[in-house]
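So the chains spell out like this:
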Amino acid sequence: MTNLIKTVAGLLVRRIDGFLLGTALAIAGLGLLVLYSATDASAARVSGQALNLVFALAVMWVAANVTPQHYMRWAVPLFAVGVLLLIGVALFGTVVNGSRRWLSLGVTRIQPSEMMKIAVPLLLAWYFNRQGATIRLVDFAVAAVLILIPVGLIARQPDLGTALLIAASGFFVLYLAGLNWKIIVAAALALAALVPVVWPYLHEYQHERVLVLFDPLRDPLGRGYHIIQSTIALGSGGVLGKGWMNGTQTHLDFLPERHTDFIFAVYGEEFGLLGGIILLALYLMLIARGFVITASASTLFTRLLAGAITLMFFIYAFVNMGMVSGILPVVGIPLPLMSYGGTALVTLFLGLGILMSIHANRKLVKT
Amino acid sequence: MSELRNPERELYLFRRRLALAGGVVVFAFLVLLGRFVFLQVAMQSHYATLAESNRISLVPAVPNRGVITDRNGVVLAQSFSAYTLEVTPSKVRNLEETIEELATLVEITARDRKRFRKLLDESKNFESMPLRTRLTDEEVARFAVNRYRFPGVEVKARLFRQYPFGELASHVIGYIGRINDADVERIEERNETANYKGSDYIGKVGIELSYEGELHGTTGLEEVEVDAGGRAVRLVSRTPPISGNNLQLSLDIKLQQVAEAAFGDKRGALVALDPASGEVLAFVSKPGYDPNLFVEGIDPQNWDALNTSPDKPLLNRPLRGAYPPGSTFKPFMALAALHLGKRTPQQTINDPGYFVLAGGHRFNDDKKGGHGRVDMYKSIVVSCDTYYYQLASELEIDDLAGVMKLFGFGQKSGIDIEGELSGVLPNREWKRQRFAGKQYRDEHRKWYLGDNISVGIGQGYNAYTPLQLAHAISTVATNGVAYKPHLVKSIHNTRTGSVTMVDTSPSHTIAMKPEHWETVKAALVGVNKEGTGARAFAGAAYTNGGKTGTAQVYSLRGEKYDAKRVGERLRDHALFIAYAPAEQPRIALSVLVENGGFGAAAAAPIARQVMDYFLTGKIAKPTAPALPPPVDDESD
């Protein structure tokens, strides 16, 4: 009997990275706490998110127990299915808030752009790994095309924030694969030069999001309202915060989207600078652990994949907190592991599971 | 990129890039940390203030406006609380749609919409403005259930002003109305801006205007926590408002009603004073208007009707109408003659029916053939023009004006409502100024003896308000003791219960020999006994004195006046001044009936009714309707 328990328990924790899981759960726990406050003590929202968390943990466990070889095998089909689904969205998608992002599957709706966050780095890691010894300029060009297909489809939805972040996660793989600095610099310059060319083709609301960053007061009750109210929330929190459930910006409805993209403003208002430092430290720990796993990964595929996933956590956290604190434009990016929402949580824990799988298999795998 | 694979070097390069990425991560997080420190430490107080001003809304608590009562405590103006449906346009997405939707819950008439449109044009978008006033309890309940659907729309309890008697005494009480730009300036001048936060109304005319400072009260302050929709969540602190003071007028509303009823459809004015204190007992300006129309902003139709009517219902005649006094000027001429030593009471003149000025200009008497031998008594009793033509021709105009000034002619009486006119007490200097313009020549500016003649019988350049006439006869009644007329008798502080009585000490005394007063007053009594006022005062239960007057509107240039031939608006004004009882006067009054014809026929009977009612409680002819019921609904 005890043996059986031991076996089951062993099976459960085998391949699970305690440190990674610990920090992730600490962040998600804080997230539930803040969510409770942000939703004015809505038990339904909090238990819903807790359920999402349980499901995400199961996904993580499965992902941790799948070997990197399997991931390598799934890279191409996953990417292909993802791109097909994105095309499906473009043709038959459901419009929510003016964007065509969702694909209705009868009982539930899925957001195919979410799975591309994993599928794109996976495919690129597979591609570079396959090229092995000879990574040439043309390989980078091919990779760039592979990135631009889903990015273009997502940007058309329009969901510029997700598109840019997926492009970023693709770029991370290119960067870690050794993309020549000259090309990086040249590409950066070309992008900068492209801004005035692309600008007229962007949607009006996208213009506003960027312009409002420089001057929130240009539209204090509209686009600028988010930034103004979130900086007031953060700033008025001070060093120690106003205390849990005591944020006036939060509880008197001044903060918009406070349980999703702007949850960090609630956190900052109620827990102050101290809370902010703790959260930054937790993210830093998570990312540092990801780097350790990346550095000790045994194959090019796992190295590239682990590095890209780790940097994905970073870029999400950074862009979200930068947006809430008013140094980056408002793009619809949730705060990883904290914002309310099931799809993002599942994707992130899937990423963590893949990292765990890579770590567990660091010595066993040969290419 | 090497052709041959070198795992060691590859790993080294990879780790270098990873380390660089790590550096970027740390740097990025330091940037975030810096931003947090900036917001939460350096700018903390700034943002805390912003959060507080988001959260806390200072809501002024509007004080209850003081009540105005007559001398017996009958309420003439009061405030009551009622629910209004208010809209803050800046917080409403689509105003038209919102109003349409609201109309399904609460009745909103076309008139409400028009009035709301007008308010919209006049005020700022972030102000809350009434769409519907005086909601029923049921309507309040119906809206409350649907409130969530209407951000920026609220039900508020507001104070309304109501004038129960409508038109009656409207020119005394005046009205309040919504504060406009001119009012804001006045408020700023008086440094009262803070006290008017939240006040929507202010006195516009009459007592409501002149006693604004007493009636308004002190605004309180409520600190309220509000949510992003601007709705009050919780009361943080409260400084209660202090109600305005109540005013007790010296006016007797029943007497006022008798007086107004006595006028019937006639246009004119009546001022009745208590000669012993200057208290205004009745103050009539006909026609009047319903002050209730103005409180919520008058609609364009009613406004045009009032403003363009040839009857000028908005003109406060006793205060701002200047009329020649006609023969009511004669007793004062007599007093001036006695005082200046130009006549003795016994001195007589011969009246052939006209007076010829040196130079040949002939002035006709009213009576063809004249009154024969006329002394001072008779000159007043029969209203002999020739007597006064002659007297005036012997007087120096500046001396005459000096005496008339003592009676308050051409002077503001100092009554306690704003807007009083001075009228015209002509003298040499006045004429020089009056015709100072370039279009006039020197001979226009010169004073001629002929000017004296017209002035002597109350015509010519003379122009006085009915209030001045009442004040002057009141001063005669007291043998020269003058009081400043006042409408407010006492001011009641509702909080402390203290009562401030208005000063009723004499403003000045005209020093004249007692026998002069007796001479003229005996003549005034004679007027109502055996003279021009005898018919109107036949059978009066009290002793009384008076003087009739008829003032020319239209210059006849020597023709005989015929009321039937002259257009109604060009007919003479009828005047009458009186006081009673003769020995110990308790009431003194002036009556003016515009285009009424002869004073004896048109004005004296009105004076009779008012005096009868005041002194005996009865009216000779029961013509007055019952008091109107209090207005409790706005009806079109």
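Keep in mind it's a predicted model, so treat the numbers as computed, not measured. (Residues numbered from 1 in each chain as written. Chains lettered and ligands numbered in written order. Predicted model: local features only at pLDDT ≥ 70, side-chain atom pairs only at ≥ 80, totals over all residues. Heavy atoms only, no water.)

### Digging into the overall build of chain A
Secondary structure assignment for chain A yields 14 helices and three strands. Across the 367 residues that make up chain A, the buried fraction comes to 54%. Nonlocal contacts in chain A, meaning residues at least 24 apart in sequence, comprise 72% of its contacts between residues at least 6 apart. Looking at chain A as shown, the accessible area adds up to about 15300 Å², and 71% of this sits on carbon and sulfur atoms. (Helix = DSSP H or I, 4+ residues; strand = E, 2+ residues; numbered from the N terminus. Buried < 20%, exposed > 50% of the residue type's maximum accessible area, 1.4 Å probe, protein only. Contact = heavy atoms within 4.5 Å. Areas by Shrake-Rupley, 256 points an atom, 1.4 Å probe, with all protein chains shown as cover.)

### Structural notes on the confidence of the model for chain A
Residues at a pLDDT of 70 or more form 92% of chain A, whose mean pLDDT is 88. Here strand β3 (residues 109–110) of chain A stands out as the element of chain A with the lowest mean pLDDT, 70, in contrast to helix α12 (residues 263–296) of chain A, whose mean of 96 is the highest. (pLDDT = per-residue confidence, 0-100.)

### So, unusual backbone geometry
All names here are of chain B. Residue Pro287 is bonded to the preceding Lys286 through a cis peptide linkage, with omega at -5 degrees. Counting through the fold element by element, Pro287 comes out in the loop between β12 (280–286) and α11 (292–295). In this chain, Ala580 is followed by Pro581 through a cis amide linkage whose omega measures -15 degrees. Looking at the element boundaries, Pro581 is found in the loop between β22 (573–580) and β23 (587–593). The backbone of Asn191 sits at a positive phi, close to 60 degrees, despite the residue not being glycine. Among the structural elements, Asn191 can be located in the loop between α7 (181–189) and β7 (201–205). Phi is positive for Lys312, close to 45 degrees, though the residue is something other than glycine. Relative to the assigned elements, Lys312 resides in the loop between α12 (300–308) and α13 (317–320).

### Description of the packing of aromatic side chains
Each aromatic ring pair is specified by the distance between its two centres and by the angle formed by the two planes. The tally for this structure, following the rule as stated, stands at 32 aromatic pairs over all chains. Aromatic side chains B:Phe332 and B:Phe407 sit 5.3 Å apart centroid to centroid with 70 degrees between the ring planes, which places their arrangement in the edge-to-face category. Linking B:Phe332 in helix α14 (residues 330–339) with B:Phe407 in the loop between α17 (397–406) and α18 (428–434), this pair joins segments that are 75 residues apart in sequence. Overall, B:Phe332 belongs to the buried group, its relative accessible area being 0%. In this structure an aromatic cluster arises from ring pairing among B:Phe329, B:Phe332, B:Phe407, B:Phe409, B:Tyr464 and B:Trp517. Just above the ring of B:Phe14 sits the side chain of A:Arg303; from NZ or CZ to the centre is 5.2 Å. A cation over an aromatic ring shows up here: B:Arg434 above the ring of B:Phe435, its NZ or CZ 4.7 Å from the ring centre. (Phe/Tyr/Trp six-rings, centres within 6.5 Å; stacked < 30°, edge-to-face > 60°. Lys NZ or Arg CZ within 6 Å of the ring centre and 35° of its normal.)

### Digging into α14(B)
Residue and element names in this part refer to chain B. Most of α14 sits inside the fold, with nine of its ten residues counted as buried. Residues Lys330, Pro331, Phe332, Met333, Ala334, Leu335, Ala336, Ala337 and Leu338 constitute the buried set of α14. Gly341 lies just past α14 and shows a positive phi near 70 degrees.

### Digging into the environment of B:Val455
Residue and element names in this part refer to chain B. Tracing the backbone shows Val455 in helix α20 (residues 449–456). The sequence separation of Val455 and Tyr389 amounts to 66 residues, and the corresponding C-alpha distance is 8.9 Å. Sequence-distant contacts of Val455, that is, excluding residues within four places in its chain, are made with Phe329, Ile397, Leu400, Pro426, Trp447, Tyr461 and Asn462.

### What about the interface of chain A and chain B?
Facing 51 residues of chain A, the contacting portion of chain B comprises 38 residues. Each partner contributes to the roughly 3900 Å² buried at the junction of chain A and chain B, and carbon and sulfur atoms together form 73% of this total. Linking chain A to chain B there are zero salt bridges. Between the two partners, chain A and chain B, sit nine residue pairs in polar contact (both at pLDDT 80 or more). At the level of elements, α7 (160–176), α8 (181–198), α10 (223–237), α11 (248–251), α12 and α13 (300–324) of chain A are the ones that each hand at least two residues to the side of chain A that touches chain B. With 14 residues, the top contributor of residues to the side of chain A that touches chain B is α12(A). In the side of chain A that touches chain B, the residues fall into 28 nonpolar, 19 polar and four charged. (Buried area = accessible area lost by both parts, 1.4 Å probe. Salt bridge = Lys/Arg side-chain N within 4 Å of Asp/Glu carboxyl O. Polar contact = N/O pair within 3.5 Å; in protein donor to acceptor, adjacent residues only side chain to side chain. Nonpolar A, V, L, I, M, F, W, Y, C, P; charged D, E, K, R; others polar.)

### Comments concerning α12(A)
Along its 34 residues, α12(A) runs just 34 Å from first to last C-alpha, ending more than 12% under the 50 Å computed at 1.5 Å per residue. Its maximal kink placed at A:Gly272, α12(A) deviates by approximately 120 degrees. (Expected span 1.5 Å × (residues − 1). Bend = angle between axes of the 7 residues up to and from the residue.)

### Focus on the sheet that holds strand β8 (residues 220–226) of chain B
Hydrogen bonds between backbone atoms are what pair the strands of a sheet, whose relative direction is either parallel or antiparallel. Residues and elements named next belong to chain B. Taken in spatial order, the three strands of this open sheet run β1-β8-β9, and their pairing is antiparallel. The open sheet is flanked by β1 (56–61) and β9 (232–239), the only strands paired with a single partner. Mean inter-strand twist for the sheet, computed between neighbouring axes without regard to direction, equals 30 degrees. As judged from the six bridges shared by β1 and β8, these two strands associate in the antiparallel manner. (Pairing = 2+ DSSP bridges. Axes fitted to C-alpha atoms, helices over the stretch in contact; angles between N-to-C directions.)

### As for the pattern of salt bridges
Under the defined criterion, the tally for this structure stands at 31 salt bridges over all chains. The salt bridge partner of A:Arg258 is A:Asp253, with a shortest N-O separation of 3.1 Å. What makes A:Arg258 buried here is its relative accessible area of 17%. The closest approach of N and O atoms between B:Lys204 and B:Asp183, which form a salt bridge, is 2.4 Å. Taken as a pair, B:Lys204 in strand β7 and B:Asp183 in helix α7 lie far apart in primary sequence, 21 residues in all. Three or more residues joined by partner-sharing salt bridges are found here, namely B:Arg65, B:Arg161, B:Glu208 and B:Glu212.

### Considering the packing of helix α2 (residues 18–38) of chain A against helix α14 (residues 342–360) of chain A
Residue and element names in this part refer to chain A. The contact between α2 and α14 brings their axes to 10 Å, and the two run at 165 degrees. Between α2 and α14, the angle is such that the two are roughly antiparallel. Taken as a pair, α2 and α14 cross one another with a handedness that is right-handed. Contact with α2, carried on its side by Leu20, Leu21 and Ala24, involves Phe349, Leu352, Leu355 and Met356 of α14 and no other residues of that element. Grouping the constituent residues of the contact of α2 with α14 by class yields seven nonpolar, no polar and no charged. (Parallel < 35°, antiparallel > 145°, perpendicular 65-115°, else oblique. Left-handed = near helix turned anticlockwise from the far one by under 90°.)

### Some details on the pairing of strand β3 (residues 75–87) of chain B
Across a regular strand the side chains alternate sides, sitting on one face of the sheet and then on the other. Residues and elements named next belong to chain B. Pairing between strand β2 (residues 68–69) and β3: two bridges, direction antiparallel. Along β3, the bridge assignment pairs Ile68 with Ala77. Pairing analysis gives three bridges linking β3 to strand β4 (residues 129–132), with the strands arranged antiparallel. The partner of Val87 across the bridge, within β4, is Met129.

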